[in-house]
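Summary of the model geometry
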Amino acid sequence: MREMSPLHRERLNYQPKLAGALANGINSVKLSLGNTTTSVADCADIQNLFKNVYGQPIAKFGMTGEDLSTESRNVGVILSGGQAPGGHNVIAGLYDALKASNKENKLYGFLGGPSGIVDGKYMELTDEIMDAYRNTGGFDIIGSGRTKLETEEQFEKALIVCRQLNITAIVIIGGDDSNTNACLLAEWMKEKNTGISVIGCPKTIDGDLKNDQIEISFGFDTATKTYSELIGNIQRDANSAKKYWHFIKLMGRSASHVCLEVALQTQPNITLIGEEVEAKAQSLDEIVTYMADVVAARAQKGKNFGIALIPEGLIEFIPEMKVMIATLNDSLAVLEKDEMYQNASQDKKYEIITSKLDDASAKLFNSLPSAIKAQLLMDRDPHGNVQVSKIETEKLLIEMVRTRLEEMKKEGRFVGKFADQAHFFGYEGRCAMPSNFDADYCYSLGYNAFALVQSGLTGYLSSIKNTTKPASEWVAGGVPLTMMMNMERRHGEMKPVIKKALVELDGPVFKALEKNREKWALNDCYVFPGAIQYFGPSSVCDCTTVTLQLEQEKTLASV
Ligand code: FBP
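Everything numeric in this text was worked out from a predicted model, so none of it was measured.

How each quantity is defined
- Residues numbered from 1 in each chain as written.
- Predicted model: local features only at pLDDT ≥ 70, side-chain atom pairs only at ≥ 80, totals over all residues.
- Heavy atoms only, no water.
- Helix = DSSP H or I, 4+ residues; strand = E, 2+ residues; numbered from the N terminus.
- Rg over C-alpha atoms; globule rule 2.2 N^0.38 Å.
- Buried < 20%, exposed > 50% of the residue type's maximum accessible area, 1.4 Å probe, protein only.
- Arc of directions from axis to C-beta.
- Contact = heavy atoms within 4.5 Å.
- Polar contact = N/O pair within 3.5 Å; in protein donor to acceptor, adjacent residues only side chain to side chain.
- Core = buried A, V, L, I, M, F, W, Y, C linked by side-chain atoms within 4.5 Å.
- Near = heavy atom within 4 Å.
- Areas by Shrake-Rupley, 256 points an atom, 1.4 Å probe, with all protein chains shown as cover.
- Nonpolar A, V, L, I, M, F, W, Y, C, P; charged D, E, K, R; others polar.
- Pairing = 2+ DSSP bridges.
- Axes fitted to C-alpha atoms, helices over the stretch in contact; angles between N-to-C directions.
- Parallel < 35°, antiparallel > 145°, perpendicular 65-115°, else oblique.
- Left-handed = near helix turned anticlockwise from the far one by under 90°.
- Salt bridge = Lys/Arg side-chain N within 4 Å of Asp/Glu carboxyl O.
- Phe/Tyr/Trp six-rings, centres within 6.5 Å; stacked < 30°, edge-to-face > 60°.
- Lys NZ or Arg CZ within 6 Å of the ring centre and 35° of its normal.

Things to note about the overall build of the chain
Helix and strand counts for the chain come out as 23 helices and 16 strands. Taking 24 Å as the expected radius of gyration for a compact globule of 559 residues, we find that the chain reaches 24 Å, a close match to that expectation. Taken along the three principal axes of its C-alpha coordinates, the chain extends 80 × 60 × 50 Å. Per-residue burial for the chain yields a buried fraction of 59% across its 559 residues.

Below you can see the structure in the form of structure tokens.
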């Protein structure tokens, strides 16, 4: 038996709140369906690829006195992709709804991510297992993985496993790529008339799986609060010692939502936003100039310290880098099957790659430090994404800013010192104990996923809206997965994928940063958020992220 901290033990007893329509019990939810829908772009292609699940209506649950069908059914659940706080509560919500609907129902957890259903690796979840994981962080109850489900062979194998276990519904808890998998599987299951439905749940700390129907993916709340605590602590240290510039890279993949949210919670001196860099077509050189100018301006005031936040995906937004990475992606998709390339020395690999790039990209690639070059050539993940978490942008920027400051010093434009500390915060926040918000939201998402299953729907993402209000006012329903899809280039080919939500530069969240960042650059306006609180006044324990408040409520007193 695992040793438990006092907080861990207490949290097992927390009873998460359910969204309004679900709170009266799983058998008294009433489904209503809206109008047919279309995909966010490339409608003809998406419709052609998803003939059976394309265009379904948005689903919404209300309450009814009637009992919905309670025939016994078995469900399989998969955790997919990177960890996010609250995953265990999605499973707990699903489990509780399923058992409340009919005690004979069984929930099977597929082990190690999507590969579990293909390889027939699973465990049956029981009260005892479930009760040991309620309100805890991590995905260790059944594990996760990044296998892409897309081939006929994988689907056939999954079907055999489902038939063996008498499973008639699969719930996939994942981000944009995993829910693309969910949609492919839903389509295949429907086309083959298997009677097996597939429902997704919006997970990812990155916050990039959102739209009109999905206000936020779970995990973003806890992860950003955890990073904000750490950054607040570093700010206090910087403000005490007054001797370091901390360059902090934050996880979040391509989108800069995490970085933006953490900036609004902590008010650092520099915040880079990838989407802004792209919109303004800022070169790497211009970014370095901006950062060096802030360092110099603070030094002028006798402040040789500061905090700079860098989104993990920045590199993909710098126009010249973006062009280079796109060619690298296509070239690597071919070269990964080339034995000569695979066995070549690192220098030879650089030479081969350079020969595939245009002159400008080749020059840029060769100007990068060796470590960054090697990181750019690392294998793409199974979905074709560059593994941005492994690219040390914070160190690249430190080196470039240092060189620039030395030049400025010679010209008399920099009068201070530049001592650096590099940090990367990612894994520190992905498995934190879910905040009350994530604990409640996730439990509702899981419970609602079973309501979608029980209503006979497939190809839907579990959706809980109105999340800045108390849980009793949350609105439960489902959004058709095809509604969020478009075509994108992956591994050198056009593929259907759920469109990532990037930071909107004309939206209220970015505007709040834009309004304040000049003031935050020179003055020390640091905020120290402290640790997530699970017990105490609701204004402290149940508050949502600044992003959610600004996006949903359009206002916030503090920024
Ligand atoms: P998901 O999209 O799967 O939720 O990924 C979240 C994430 O934490 C990203 O922020 C990060 O780039 C990536 O996972 C890191 O991947 P890995 O866990 O494979 O190192």
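With respect to helix α16 (residues 359-367)
For α16, the set of buried residues is S361, A362, L364 and F365. For α16, the buried positions fall inside an angular range of 165 degrees around the axis, keeping them on one side. Turned more than 90 degrees from where α16 packs its buried face, D359, A360, K363 and S367 sit exposed. Those residues of α16 hidden inside the fold are in contact with α13 (319-335), α15 (346-356) and α17 (370-376). The N-cap of α16, judged by a side-chain oxygen 3.1 Å from the amide nitrogen of A360 a few residues on, is D358.

Some details on the nonpolar core
I91 and V171 are the most contacted members of the largest nonpolar core, which totals 82 residues. No other element matches helix α20 (residues 436-454), which puts 11 residues into this core. Beyond its immediate stretch of four places on either side in the chain, V171 contacts V75, G76, V77, I78, L94, I199, C201, A449 and V453. If you look at the next biggest cluster of nonpolar residues, it comprises 49 residues, including L272, Y341, I353 and I398.

Looking at the side chain of S197
Considering the arrangement of structural elements, one finds S197 in strand β8 (residues 197-202). What S197 contacts, discounting residues up to four positions off in sequence, is T168, A169, I170, V453, L457 and T458.

A short note on the site of the ligand
G82, R146, D206, E312 and Y427 are the nearest of the 14 residues found near the ligand. In this structure, R146 approaches the ligand through a side-chain N or O atom, which is 2.8 Å from an oxygen atom. Its free accessible area being 480 Å², the ligand has 87% of it covered by the protein chains. For the shell around the ligand, the per-class residue count stands at three nonpolar, five polar and six charged.

Regarding the sheet that holds strand β12 (residues 420-425)
Pairing in this open sheet of four strands is parallel, and the strands run β10-β11-β9-β12 from one edge to the other. Edge positions in the open sheet fall to β10 (270-271) and β12, since each of these has one partner strand only. Where strand β9 (residues 245-250) meets strand β11 (residues 306-311), six bridges bridge the pair, whose relative direction is parallel. By the bridge assignment, W245 is partnered in β11 with G306. Sitting on the sheet, helix α8 (residues 220-241) is in contact with β9, β11 and β12, with an inclination near 170 degrees to β9. The strands that helix α9 (residues 257-266) touches are β9, β10 and β11; relative to β11, the one it contacts most, it runs at about 155 degrees.

Describing the packing of α13 against α15
Direction vectors running N to C along α13 and α15 enclose 120 degrees, while the axes themselves pass 10 Å from each other. Taken together, the axes of α13 and α15 are oblique relative to one another. The handedness of the crossing between α13 and α15 comes out as right-handed. Where α13 abuts α15, its residues T327, L328, S331, L332 and L335 lie against I352, I353 and K356.

Side note on the environment of V334
With respect to the secondary-structure elements, V334 resides in helix α13. The exposed category is assigned to V334, whose relative accessible area is 59%. On a C-alpha basis, the gap between V334 and S435 in space is 44 Å, while along the polypeptide they are 101 residues apart.

Notes on the pattern of salt bridges
Pairing between side chains of opposite charge can happen when the charged atoms of each approach one another. Applying the stated criterion across every chain yields a total of 30 salt bridges. The partner of K157 in a salt bridge is E153, and the shortest N-O contact between them spans 3.8 Å. One end of the pair, K157, and the other, E153, are both in helix α6 (residues 152-165), four residues apart, so they sit about a helical turn from each other. Residue K157 is classed as partly exposed on the basis of its relative accessible area, which comes to 36%. A network of salt bridges, in which partner residues are shared, links D96, D131 and R134.

Here's the deal with α9
Since one α-helical turn is 3.6 residues long, residues separated by three or four positions face the same way. Summarising burial for α9: 10 of the 10 residues are buried, a large majority. Its buried side turned inward, α9 meets α8, β9, β10, β11, α21 (508-522) and α23 (546-553). Positioned one or two residues after α9, Q267 has a phi angle of 60 degrees, which is positive.

Re unusual backbone geometry
At N135, a residue that is not glycine, the phi angle is positive and equals roughly 60 degrees. Tracing the chain through its elements places N135 in the loop between α5 (127-131) and β6 (144-145). With relative accessibility at 0%, the residue N135 sits in the buried group.

Structural notes on the packing of aromatic side chains
Following the criterion strictly, the structure yields 11 aromatic pairs and no others. Taken together, the aromatic side chains of Y108, F110 and Y122 make up a single cluster linked through ring pairs. The lysine or arginine in question, R11, covers the ring of F535, its NZ or CZ lying 6.0 Å from the ring centre. For R298, the ring lying beneath its charged end belongs to F305, and the centroid distance is 5.0 Å.

A short note on the packing of helix α11 (residues 284-300) against helix α18 (residues 393-410)
Contact geometry of α11 with α18 gives a least axis separation of 9 Å together with a crossing angle of 65 degrees. Relative to α18, α11 is oriented so that their crossing is right-handed. Residues L284, D285, I287, V288, T289, M291, A292, D293, V295 and A296 of α11 pack against L396, L397, M400, V401, R404, L405 and M408 of α18. Each residue belonging to the contact of α11 with α18 can be placed in one class, and the counts come to 13 nonpolar, one polar and three charged.

Details of the pairing of β9
When you tally the buried positions in β9, you get six out of six residues, the bulk of the element. Burial of β9 is two-sided: the residues W245, F247 and K249 facing one way and the residues H246, I248 and L250 facing the other way are all buried. For β9 and β12, the ladder comprises six bridges, and the chain directions are parallel. Paired with H246 across the strands is Q421, a residue of β12.

This is a description of form; function is not addressed.
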